[in-house]
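# Remarks on the overall topology
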Amino acid sequence: MLDINEIQKIIPHRHPFLLVDYIEDFVPGEFAVGYKCVTYREDFFKGHFPGQPVMPGVLTIEALAQVGAVAILSMEEHKGKTAFFGGISKCRFRGMVKPGDKLKLETTIIKQKGPVGVGKAVASVDGKVVANAELTFVVES
């Protein structure tokens, strides 16, 4: 398990854009499973949407990418580097994420060649899938 301080040693994201609270399990270069405990105090709820707070879907995808970045950037050859988005495909939003939800974030690396790779990503709340996608990443050289 990785706490917030250990996550920050691997990926460059910081508050307010660090969207992962802890990593439950991971194998460098293979997969990572993390969580975001969504609270009403998140800045994005001020405008998305007043009276009906919903976590923006793009931030759910970003949280999945950050979990995938933990898997990739924890590899010895990628330590200290940054993984950038190269693309998003097969993305589907299947439910809403609201204050009080514990968002489970799972990203499995399914392809990697040199600095480019693809992760299969699934976000869920209470066992129900709320978003899934294939995320392409490029590790800075």
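In short, a report on the structure.

Conventions adopted
Residue positions are given per chain, counting from 1 as you read along its sequence in written order. Restriction of local features to residues with pLDDT of at least 70 applies here, the model being predicted, together with a cutoff of 80 or more for giving and counting side-chain atom pairs; totals for whole chains, interfaces and linings are based on all residues. Each side-chain value is worked out from all heavy atoms of the structure, with water and hydrogens disregarded. Secondary structure is summarised from DSSP: a helix means a run of H or I of at least four residues, a strand means a run of E of at least two, and numbering begins at the N terminus for each. Accessible area is worked out with a 1.4 Å probe on protein chains only. A residue is then buried under 20% of its type maximum, exposed over 50%, and partly exposed in between. Whether two residues are in contact is decided by their heavy atoms: any pair within 4.5 Å suffices. Accessible areas in this description were obtained via Shrake-Rupley with a 1.4 Å probe; residue shielding takes into account the shown protein chains only. In plain words, nonpolar cores are sets of buried Ala, Val, Leu, Ile, Met, Phe, Trp, Tyr and Cys residues tied together by side-chain atoms within 4.5 Å. For a helix, the expected span equals 1.5 Å multiplied by the number of residues minus one. Stacked, tilted and edge-to-face are the three classes applied to pairs of Phe, Tyr and Trp rings, where Trp contributes its six-membered ring and a pair requires centres within 6.5 Å; stacked means planes under 30 degrees apart, edge-to-face means over 60, and tilted covers the rest.

Moving on, we get to the overall build of the chain. Along its length, the chain carries two helices and six strands. Listed N to C, the secondary structure of the chain is α-β-β-α-β-β-β-β in terms of helices and strands. Its C-alpha atoms put the chain at 45 × 30 × 25 Å along the principal axes. Burial analysis of the chain (141 residues in total) assigns 45% to the buried set. Pairs at least 24 apart in sequence give 61% of the contacts found in the chain among residues at least 6 apart. Summing over all exposed atoms, the chain offers an accessible surface of approximately 7600 Å²; the carbon and sulfur share of this is 55%.

What tends to happen in soluble globular proteins is that the nonpolar side chains get buried as a cluster. If you look at the biggest cluster of nonpolar residues, it comprises 37 residues, and the most contacted ones within it are I7, I11, M55, L103 and L105. In terms of residues, this core owes the most to one element, helix α2 (residues 57–73), which gives 10 residues. Residue contacts for I11: discarding those within four places in its chain leaves L18, Q66, A69, V70 and L73.

To continue, consider the side chain of T60. Among the structural elements, T60 can be located in helix α2. T60 gets classed as buried once you look at its relative accessible area, which sits at 3%. Non-local contacts of T60, meaning those with residues more than four positions away in its chain, are made with M55, V97, L103, L105, A123 and A131.

Here we come to α2. In an α-helix there are 3.6 residues to a turn, and that puts residues three or four apart on one side. Across its 17 residues, α2 extends 24 Å between first and last C-alpha, which sits within 8% of the 24 Å expected from 1.5 Å per residue. In terms of residue burial, α2 counts as a mostly covered element, since 14 of its 17 residues are buried.

This next bit is on the packing of aromatic side chains. Here a ring pair, both rings aromatic, is described through the centre-centre distance and the interplanar angle of the planes. Within the structure shown, the criterion is met by three aromatic pairs. Judged by centre distance (5.1 Å) and plane angle (20 degrees), the rings of Y22 and Y35 are stacked. With a gap of 13 residues between them, Y22 in strand β1 (residues 22–27) and Y35 in strand β2 (residues 31–37) connect regions that are remote in the sequence. The buried category is assigned to Y22, whose relative accessible area is 18%. A relative accessible area of 9% places Y35 in the buried class. With a centroid separation of 4.7 Å and an interplanar angle of 65 degrees, the aromatic rings of F44 and F45 are classed as edge-to-face. Both residues of the pair, F44 and F45, count as buried. Ring pairing ties together the aromatic residues Y40, F44 and F45, which thus form one cluster.

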